[in-house]
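# Observations on chain architecture
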Amino acid sequence: MNGEEQKKGDIAATNRLLAVIRGEDTSIDREGPDQQREPPPEGSSLRSEKKTKKRRSFSLFAKRTIGLDVGSHTVKCVQLERRGFNRVELVEAKAAEVRTEPGGQEGKDGTSARLSAIKKVMEDMPFHRARVVTAVGGVSTAIRQVELPKMSSKELSSSINLWARNYIPFDMKEVQLDYQVFGFDRPSRKIRLILVAVIKQYFQQHIDLLHQADIEPALVDINPLAVMNALLFNDEIGGGRCTIVLDVGDRNTTLSIYSETDQYFVRNLMVSGSDFTRDIQQRLGLPYRDAERYKQGELVFGEKEPDKLIEIIRPSLDTLIKEVRRSLTYYENQTKTTGFGQIILTGGGAEMEGFPEYLGRDLGLPVKVFDPFKQVEVRQVGIPRAPSQFALAFGLALRESK
């Protein structure tokens with residue numbers, strides 16, 4: 001096989017990966033195009049096993065889907081209604097702050113605060129013929145794109161836990177593992193697949209929290225894949241060069257790299273919005289909530305200076321950029337790729353004043369803040385403030401019933 005044929009094969013395999021991410025993959029080619037297709041293994045999304053009729057559930061034929069993003073600082077939900085192929089209407093988009101004690105510590109108070117925020121955003125949400133899709137993410141999850149020797153579907157299913165030990169940084173007894181095959185590489189005779197692992201205790205805590213809110217989710221997805229789904233819908237990635245997606249949350253920042261011909265890469269970075277808030281607290285001597293308001297541009301002291309926020313949060317910001325650089329260098333070394341096309345920012349921290357510009361100057365790349373609603377039909381509700389923080393919920397709401 002020459003280089004051009006190999007490239008075409010890689011692009012075809014990547015298109016299969018996109019179908020997996022979108023939830024559109026209906027058949028898996030295990031043995032190559034000349035062999036009979038076998039039924040696919042379980043998809044890359046995790047399903048809730050408990051069923052309770054009394055809880056607000058979903059219809060398998062629903063045209064409406066509610067994407068519910070349970071963040072540590074803010075709970076967001078987006079309800080979309082499908083109007084045809086690649087056409088959706090925004091039915092509702094709401095956000096509610098998780099009002100924990102200053103410092104935002106987890107535990108009983110944090111759980112209670114998140115439960116209250118969930119109930120608030122879901123209050124008066126039209127549930128008729130709608131289903132709920134939610135997600136888990138952060139350091140309790142892992143996503144890996146790997147290649148394994150050619151084997152049958154049955155062999156893969158029975159041995160996946162043994163193979164996963166080489167790639168998943170958790171004790172396999174403590175995780176819920178899922179996988180999805182998306183391609184077959186003829187030269188190496190290997191199958192390509194995505195491994196998804198979630199620590200069981202974390203997953204169950206998420207489900208239990210939703211049950212306390214009287215919600216039975218149809219699907220539990222993984223944060224980076226859901227965000228990628230939103231980007232794909234809005235035609236934000238592709239074009240032949242690697243795209244970096246930086247999802248800046250309150251407790252966790254997730255870096256994802258998408259390439260049409262190379263590896264799909266995900267890494268959790270341990271610098272996030274709460275670190276920026278602590279920088280503001282220490283520098284200005286503000287209570288936690290006031291520091292949050294200052295970070296979001298809602299609280300101003302004296303004359304507003306565009307670069308003042310960046311100067312205050314520079315310690316954590318420079319640490320974040322250092323971690324981004326390390327991730328990009330690792331990716332280049334692993335894939336032999338050189339150069340990246342752009343950085344797309346999502347999450348609650350994406351719209352901090354001066355952040356995109358500072359990031360772009362330091363890394364030497366174009367940076368844009370993602371607006372997930374730019375291609376939706378809007379009739380009765382308006383686009384919410386700070387739309388980038390709704391990227392995950394929007395991606396979840398795009399998931400179709402099968």
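Here is a short report on the structure shown in this document. (Residues numbered from 1 in each chain as written. Predicted model: local features only at pLDDT ≥ 70, side-chain atom pairs only at ≥ 80, totals over all residues. Heavy atoms only, no water.)

### Digging into empty space enclosed by the protein
Inspection of the entire model under this criterion finds 2 cavities of 30 Å³ or more. When its volume is computed, the largest cavity comes out at roughly 40 Å³. Those elements giving two or more residues to the lining of the largest cavity turn out to be helix H5 (223–233), strand S9 (243–248) and strand S10 (253–258). Sort the elements by how many residues they give to the lining of the largest cavity and H5 lands first, with 3 residues. Residues of the lining of the largest cavity, tallied by class, amount to 3 nonpolar, 3 polar and 1 charged. Estimated volume of the second largest cavity: approximately 30 Å³. Partitioning the lining of the second largest cavity into residue classes produces 4 nonpolar, 1 polar and 3 charged. (1 Å grid on protein atoms, 1.4 Å probe; cavity = no way out; pocket = protein on both sides within 12 Å on 5 of 7 lines; lining within 4 Å. Points joined across faces, edges and corners; volume = space filled by probe spheres on them. Helix = DSSP H or I, 4+ residues; strand = E, 2+ residues; numbered from the N terminus. Nonpolar A, V, L, I, M, F, W, Y, C, P; charged D, E, K, R; others polar.)

### Here we look at the sheet that holds strand S7 (residues 190–199)
Taken together, the 3 strands give an open sheet; going across it, the order is S5-S7-S6, and neighbouring strands pair in antiparallel fashion. With one partner strand each, in any of the chains shown, strand S5 (141–149) and strand S6 (175–185) form the two edges of the open sheet. Shown here is a sheet whose adjacent strand axes are inclined to one another by a mean of 20 degrees, direction ignored. In terms of strand pairing, S6 meets S7 through 10 bridges, oriented antiparallel. Along S7, the bridge assignment pairs Phe 184 with Ile 191. Against the sheet, helix H4 (residues 200–212) touches S5, S6 and S7, its axis set at about 65 degrees to S7. (Pairing = 2+ DSSP bridges. Axes fitted to C-alpha atoms, helices over the stretch in contact; angles between N-to-C directions. Contact = heavy atoms within 4.5 Å.)

### Examining the pairing of strand S11 (residues 265–269)
Residues in a regular strand point their side chains to alternate faces of the sheet. When S10 meets S11, the two strands line up antiparallel, connected through 5 bridges. Following the sheet pairing, Leu 255 is matched in S11 by Arg 267. Turn length for the S10-S11 hairpin, with the two strands adjacent in sequence and antiparallel, is 6 residues.

### Focus on the sheet that holds strand S12 (residues 342–346)
Sheet architecture is open: 5 strands sit in the order S11-S10-S9-S12-S13, paired in mixed fashion. Each having just a single partner strand, S11 and strand S13 (367–369) make up the two edges of the open sheet. Neighbour-to-neighbour, the strand axes of this sheet turn through a mean angle of 20 degrees, independent of strand direction. Bridge count between S9 and S10: 6 bridges; the pairing is antiparallel. Residue pairing for S10: Ile 244 is matched across the bridge by Ile 257. Relative to the sheet, H5 contacts S9, S10, S11 and S12, its axis offset from that of S10 by approximately 55 degrees.

### Points about unusual backbone geometry
At Arg 189, a residue that is not glycine, the phi angle is positive and equals roughly 55 degrees. Looking at the secondary structure, you find Arg 189 in the loop between S6 and S7. Note on Arg 189: relative accessible area 36%, which makes it partly exposed. With phi around 55 degrees, Asp 235 is a residue other than glycine that occupies positive phi space. Along the chain, the position of Asp 235 falls in the loop between H5 and S9. On the accessibility criterion, Asp 235 (58% relative accessible area) is exposed. (Buried < 20%, exposed > 50% of the residue type's maximum accessible area, 1.4 Å probe, protein only.)

### Quick word on the pattern of salt bridges
One pass over the full model with this rule turns up 20 salt bridges. Glu 81 is the partner of Arg 83 in a salt bridge, and the nearest nitrogen-oxygen pair spans 3.9 Å. By relative accessible area, which is 34% here, Arg 83 ends up partly exposed. Across the salt bridge formed by Glu 236 and Lys 368, the nearest N and O atoms sit 2.9 Å from each other. Residue Glu 236 is located in the loop between H5 and S9, and its partner Lys 368 is located in strand S13; the two are separated by 132 residues in the primary sequence. Residues joined in a network through salt bridges with shared partners are Arg 64, Glu 81, Arg 83 and Glu 89. (Salt bridge = Lys/Arg side-chain N within 4 Å of Asp/Glu carboxyl O.)

### Observations concerning the packing of aromatic side chains
Summed over all chains, the structure comprises 7 aromatic pairs. On the basis of an interplanar angle of 55 degrees and a centroid distance of 6.4 Å, the ring pair of Phe 276 and Phe 355 is categorised as tilted. Remark: Phe 355 occurs in helix H9 (residues 355–363) and Phe 276 occurs in helix H6 (residues 273–284); sequence separation between them is 79 residues. As far as the burial class goes, Phe 276 and Phe 355 line up, both buried. Among the aromatic side chains, those forming a connected cluster through ring pairs are Phe 233, Phe 373, Phe 390 and Phe 394. (Phe/Tyr/Trp six-rings, centres within 6.5 Å; stacked < 30°, edge-to-face > 60°.)

### Re the pairing of strand S2 (residues 74–84)
Counting buried positions along S2 gives 8 out of 11 residues, so the element sits mostly inside the fold. Note: strand S1 (residues 64–70) against S2, 7 bridges, orientation antiparallel. Bridging from a neighbouring strand, Ile 66 pairs with Gln 79 of S2. Strand direction decides the pairing type here: S2 and strand S3 (residues 87–97), joined by 10 bridges, are antiparallel. Directly across from Glu 81, in S3, lies its bridge partner Glu 89. The hairpin formed by S2 and S3 contains 2 residues between the paired strands, and Asn 86 there has a positive phi angle of roughly 60 degrees.

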